[in-house]
Amino acid sequence: MSDRHRSSFRDPSGYLFSQEGTLYRAVSDCYRPHYDLLHLSGLYDELTSSGLLIPHEEETRVRPRGADDPYKVLRPELVEFISYPYEWSFSQLKDAALATLAIQRRALKRGMTLKDASAYNIQFHRGSAVLIDTLSFEAYEAGAPWIAYRQFCQHFVAPLALMAYRDVRLSGLMRLHIDGIPLDLATEILPRKTLMRPSLAIHLHLHAWAQKRYASSTQASRPRKVNLEALTSSLEGLVRRLTWKPAGTEWADYYDFTNYDEAAFSDKRTEIEAFVDTVKPASVWDLGGNTGLFSRITSDRGIPTVSFDIDPAAVEKNYLETKRLHERMLLPLVQDLTNPSPALGWALSERESLLQRGPVDLALFLAMIHHMAIGNNVPIDRVAEFLSNCCRYLAIEWVPKGDSQVERMLSSREDVFNEYDQSSFERAFGRLFTIQKKRDIPGTNRTLYLMKTK
Amino acid sequence: MLLGLLKPAYIDPGTGSLLIQGLVAAFVAASVAVGAFFSKIKGAVTSILNRKPNEDAN
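Nothing here was measured: the structure is a model prediction, and the numbers come from that model.

A. Quick look at the overall build of chain B. Scanning chain B from terminus to terminus reveals one helix and zero strands. The buried share of chain B, reckoned over its 58 residues, is 19%.

Below is the structure:
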């Protein structure tokens, strides 16, 4: 039986497979000259030493089962958590675009070019955007056009322009269109003023027009000789000029408006630190992590931590902070827990759902239960069920009805949540978890629990 | 013309996307040339303006 990954089928240059829990990349015979050139040209060394390409070891003893003997088998360095462009904040997508162009620029100098420019080939690894597909390069012949230009514009330029000029939430279109946002759709949504920006007018508006104009052309294309360095510079300038500033959203200023006083906040932090020191997790998800205040309890201890939040402004702030502090263990991501990332793509096997990427050792679910149970009408036992599929240990904060945050949520609606009380909460979670610690937070009416899945 | 440079690709490069690249690169090259031209003029004007006070001082 083949051990090939079901998501790895598009590129005939090679594929991913796993054996005994280790990930490998098979390099097909047809890709041999390009793979050899990647090493002989010095490009592999340059890109891996500058942190732009994931490094690998060549394996001589491992071979994929149920497949022809490949030219090479590589064991790439593992990325802790695979994330997708529709989960990135604006600056994450922008940094991924700039990394792609930096790689292309260096490749061109060494006689190679990127044959694809998929945003899914970029991952955030130890705080930086890095290319994970070692087989994305091919020999470059001077004057040839960039095969991946269309893909780059759909995966990076269109979503970034939509986020910058229309609404940051439009990155969600990447979830709908797995090969990037169609340029004709992007130009329909973008404001007319983007026609006045020469680079956007060309790379998006004129590009979309040309795609439409030649869509039904059956003649072999006769492109002009292209200066790829100039094309890359133009795209770099365009991407650098696109900006978005998080401001005025509900959650990005959350910590300024909580009902915690300083002492209670400090007590909550101390209790969570104690939970973490008890569990000693290998990996952590902070579900509803806002700008990452509590996520840093674990990432500062060297534990790979993903900080999820629904608010793109909070995630943007968190990401910019990880860059400022050169944090390598914290990955902020946009995630709506009332509608988490699903499995996507062909046969639902190209992109994994959030749950397929777990379970994680420890999940933090702090000041979140009322948002699920009251804000989204999810019965408490179903919240417990979802969380038991996410993690092995759970640090969860109970927020009762008397809490000002809950009162605010109920001020404009009927209270139909008769089951929302602490004993029902303990009963529902007790079916799937063992409660290991229970700590009231002094000065508040909230309680922290450490639980372990049964 | 340059058909020999077009290798078979596993992704669809798009006919329109291939054709427009020549135009983009030509536009960028022209922008660089125009920019260089104006920066030369600017440089020349600046140097003349900077020279005058010095000459007056002398």
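B. A look at the domain arrangement of chain A. Residue and element names in this part refer to chain A. Looking at the assigned domains, one finds that chain A contains domain 1 (1-244) and domain 2 (254-453). The straight-line distance from the C-alpha centre of domain 1 to that of domain 2 is 33 Å. Across the boundary between the two partners, domain 1 contributes 20 residues, which contact 26 residues of domain 2. A per-element tally of the side of domain 1 that touches domain 2 places helix H3 (residues 90-109) first, with three residues.

C. Structural context of the sheet that holds strand E14 (residues 433-440) of chain A. All names here are of chain A. An order of E11-E10-E9-E12-E13-E15-E14 is seen for the seven strands of this open sheet, with the pairing classed as mixed. Of all the strands in the sheet, the pair left with one neighbour each is strand E11 (330-334) and E14. Pairwise comparison of adjacent strand axes, ignoring direction, gives a mean angle of 15° for this sheet. Against the sheet, helix H9 (residues 262-279) makes contact with strand E12 (360-365), strand E13 (391-398), E14 and strand E15 (447-453), and its axis sits at roughly 15° relative to E15, the strand it touches most.

D. Highlighting helix H8 (residues 228-241) of chain A. All names here are of chain A. In a regular helix each residue adds 1.5 Å, so 14 residues correspond to 20 Å; H8 covers 20 Å between its end C-alpha atoms and thus fits that length. Turning to H8, its buried residues are Leu-228, Leu-231, Thr-232, Ser-234, Leu-235, Leu-238 and Val-239. Taken down its axis, H8 places every buried residue within 160° of arc, on the same side. Away from its buried face by more than 90 degrees, H8 exposes Arg-240 and Arg-241.

E. Summary view of the interface of chain A and chain B. The interface of chain A with chain B comprises 38 residues on the first partner and 24 residues on the second. Mapped by element, the contributors of at least two residues to the side of chain A that touches chain B are helix H4 (149-165), helix H7 (198-213) and H8 of chain A. Residue composition of the side of chain A that touches chain B, by class: 17 nonpolar, ten polar and eleven charged.

F. A look at the pairing of strand E2 (residues 22-27) of chain A. Residues and elements named next belong to chain A. In this sheet, E2 lies alongside strand E1 (residues 14-19) in antiparallel orientation, the contact comprising six bridges. For Phe-17, the partnering residue across the bridge sits in E2 and is Tyr-24. Taking the residues between adjacent antiparallel strands as the criterion, E1 and E2 are bridged by two residues, where Glu-20 takes a positive phi near 50°. Two elements, E2 and strand E4 (residues 72-76), share three bridges in a ladder whose sense is antiparallel. If you follow Arg-25 over to E4, its bridge partner there is Leu-74.

Calculation criteria
Residues numbered from 1 in each chain as written. Chains lettered and ligands numbered in written order. Predicted model: local features only at pLDDT ≥ 70, side-chain atom pairs only at ≥ 80, totals over all residues. Helix = DSSP H or I, 4+ residues; strand = E, 2+ residues; numbered from the N terminus. Buried ≥ 20, exposed ≤ 12 C-beta atoms within 10 Å, placed from the backbone. Domains from an automatic or database assignment. Contact = placed C-beta atoms within 7 Å. Pairing = 2+ DSSP bridges. Axes fitted to C-alpha atoms, helices over the stretch in contact; angles between N-to-C directions. Expected span 1.5 Å × (residues − 1). Arc of directions from axis to C-beta. Nonpolar A, V, L, I, M, F, W, Y, C, P; charged D, E, K, R; others polar.

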